[in-house]
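Each chain, written out:
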Amino acid sequence: MSDFGDEGEAEDDEVFSGKYEGDRNERNERHGFGKAVLPNKDLYEGNYMNGRRDGYGLYKFQAKAAKGARYMGDYYQGRKQGYGVFIYPDGSRYEGNWVNDMKEGSGTYTYANGDTYKGDWFQNLRHGNGTYTYKRPCNLKYVGAWHKGKIHGYGTYVYPHFKYNGRFRSNKAFGQGKFIFDTSCEIHGKYVMAKTQAVFSDIEQEAALLAVERALVGGGEDDEGANLEAIVIPGTPPPIEGDTTWVYGSTTGLHVMTEEEAEEAKLVEELRRLRTKLEEQLTEMRELEKKKTEEDAAKKARLEAERAALENMAQAFYQDEEGEEDEGATKEKGQADGSEKPSSESIQGGRDSSQKSDNEQGSEQGENEKE
């Protein structure tokens, strides 16, 4: 499978050193439709939002090792997200959903040798249910479960004149199964380890799941509740090392289930039901925990806002009080200064009295001189 890392370089306006022609926003960021030549010479033509690829776009790789590679599809905040088509240098092609720059969801991959996979993806790996068709030999096909890129779970291998229906682990048939022939018969049996090896069985898996269920429900009256962080649903069994060998059981007509197959099918269904129940319970607990966290955060923010408002009110009140006190002190000081300082009328009156006294004294002195 051909995969590249992140396309080009970061396109933040602060570090972008390529060429750009197109629309910009009020902050001069690439925003709207535009064409860019990145520093590594890769080309992009499509939509931008706030400086990042966002919406539909076409990205072409220009490096010699990546000649012919291109992506046509949706972006979100600079990463492939949504529906898109990626054509790789070797001619292989992926068409489907993307999440955070990775193949995730439903998609079809056509390999360079002509093989195809159509089904579920998770973080760039075949994961979930899907169909892998081998172009050679004879269009052999596998239809069934996948886990982290490997055939794992219940599935069917379809051959030209018969098919094998059973369980798989790490790309190997393991456990109960049957060959169904076009000649109206079925051969029942099971695949076992070719060599002695300790293998995590379905019974052990069921016991582990039951332990998780008891942890969720609680162990007694004094139980304070489940510790969410300590609860981990058991994963799929570990991979098988070495080959497996077919062990014949019986031959029957078509659509006949042996007792072993019926028992295993019942167990598998019970495990599926139990796992689904536990996952729902854990999801509900996480949602309640998330809701409580959000409510606590909202309450804290509300209290903080109320505290800030009260502080502002108190500060405004103290400022008003100080202003009134300053104004009163100014008035009192003005009144005190006015009582001590003589008025202009009293000064003028004093001057007139002094002048009159001087005149009278001059007249008296003149009379004395005449005598």
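Just above, that's the structure.
Please read all numbers here as calculations on a predicted model, not as lab measurements.

### As for the nonpolar core
One finds Tyr-59, Tyr-157, Tyr-164 and Phe-168 to be the most contacted residues of the largest nonpolar core, which totals 30 residues. Where this core is concerned, the elements lending two or more residues are strand 3 (43-49), strand 5 (70-76), strand 7 (93-99), strand 9 (116-122), strand 11 (141-147), strand 12 (150-158), strand 13 (162-169) and strand 14 (172-181).

### Overview of the environment of Lys-64
If you trace the backbone, Lys-64 turns up in the loop between strand 4 (52-60) and strand 5. Separated by 25 residues in the primary sequence, Lys-64 and Pro-89 place their C-alpha atoms 9.7 Å from one another.

### Digging into the pattern of salt bridges
Going through the model one piece at a time under the given rule, you end up with nine salt bridges. Where Glu-311 meets Arg-307, a salt bridge forms, and the shortest distance between an N and an O atom there is 2.4 Å. Taken together, the positions of Glu-311 and Arg-307, both in helix 2 (residues 259-340) and four residues apart, correspond to about one turn of that helix. A single network of salt bridges, built from pairs that share partners, joins Glu-26, Arg-27 and Glu-29.

### Details of the packing of aromatic side chains
Counted under the stated rule, the structure contains 33 aromatic pairs. Judged by centre distance (6.1 Å) and plane angle (50 degrees), the rings of Tyr-71 and Phe-86 are tilted. Note that Tyr-71 is positioned in strand 5 and Phe-86 in strand 6 (residues 79-87), a separation of 15 residues in sequence. Residue Tyr-71 shares its accessibility class with Phe-86, and that shared class is buried. Considering the side-chain rings of Tyr-159 and Phe-162, the 4.6 Å spacing of their centres and the 15 degrees angle between planes classify their relative orientation as stacked. Looking at Lys-103, its charged tip hangs above the ring of Tyr-94, at a distance of 5.6 Å from the centre. In this arrangement the basic side chain of Arg-126 is found over the ring face of Tyr-117, its NZ or CZ atom lying 5.7 Å from the centre.

### What about unusual backbone geometry?
One non-glycine residue with positive phi stands out, namely Asp-101, at about 70 degrees. Here Asp-101 shows up in the loop between strand 7 and strand 8 (102-110). Although it is not a glycine, Gln-123 adopts a positive phi angle of roughly 50 degrees. Tracing the backbone shows Gln-123 in the loop between strand 9 and strand 10 (125-133).

### Notes on the pairing of strand 12
Alignment of strand 11 against strand 12, held across six bridges, turns out to be antiparallel. Bridge pairing in strand 12 places Val-143 opposite Thr-156. Hairpin connection from strand 11 to strand 12: two residues lie between these consecutive antiparallel strands, with Lys-148 at a positive phi of about 50 degrees. Where strand 12 lies against strand 13, six bridges are found, and the strand directions are antiparallel. Each bridged residue has a counterpart across the sheet, and for Tyr-154 the counterpart in strand 13 is Arg-167.

### Regarding the environment of Arg-30
Summarising the element assignment, Arg-30 is placed in strand 2 (residues 30-37). Sequence-wise, Arg-30 and Arg-52 are 22 residues apart; in three dimensions their C-alpha atoms are separated by 7.1 Å.

### Some remarks on the environment of Ala-65
Locating Ala-65 in the fold gives a position in the loop between strand 4 and strand 5. On the basis of relative accessibility, which here comes to 73%, the residue Ala-65 falls in the exposed class. As a C-alpha pair, Ala-65 and Pro-89 span 24 residues in sequence and 7.6 Å in three-dimensional space.

### Examining the pairing of strand 4
Here strand 3 pairs with strand 4 via six bridges, running antiparallel. Counterpart to Gly-46 in the pairing with strand 4 is Gly-57. The hairpin formed by strand 3 and strand 4 contains two residues between the paired strands, and Asn-50 there has a positive phi angle of roughly 55 degrees.

Cut-offs and rules
Residues numbered from 1 in each chain as written. Predicted model: local features only at pLDDT ≥ 70, side-chain atom pairs only at ≥ 80, totals over all residues. Heavy atoms only, no water. Core = buried A, V, L, I, M, F, W, Y, C linked by side-chain atoms within 4.5 Å. Buried < 20%, exposed > 50% of the residue type's maximum accessible area, 1.4 Å probe, protein only. Helix = DSSP H or I, 4+ residues; strand = E, 2+ residues; numbered from the N terminus. Salt bridge = Lys/Arg side-chain N within 4 Å of Asp/Glu carboxyl O. Phe/Tyr/Trp six-rings, centres within 6.5 Å; stacked < 30°, edge-to-face > 60°. Lys NZ or Arg CZ within 6 Å of the ring centre and 35° of its normal. Pairing = 2+ DSSP bridges.

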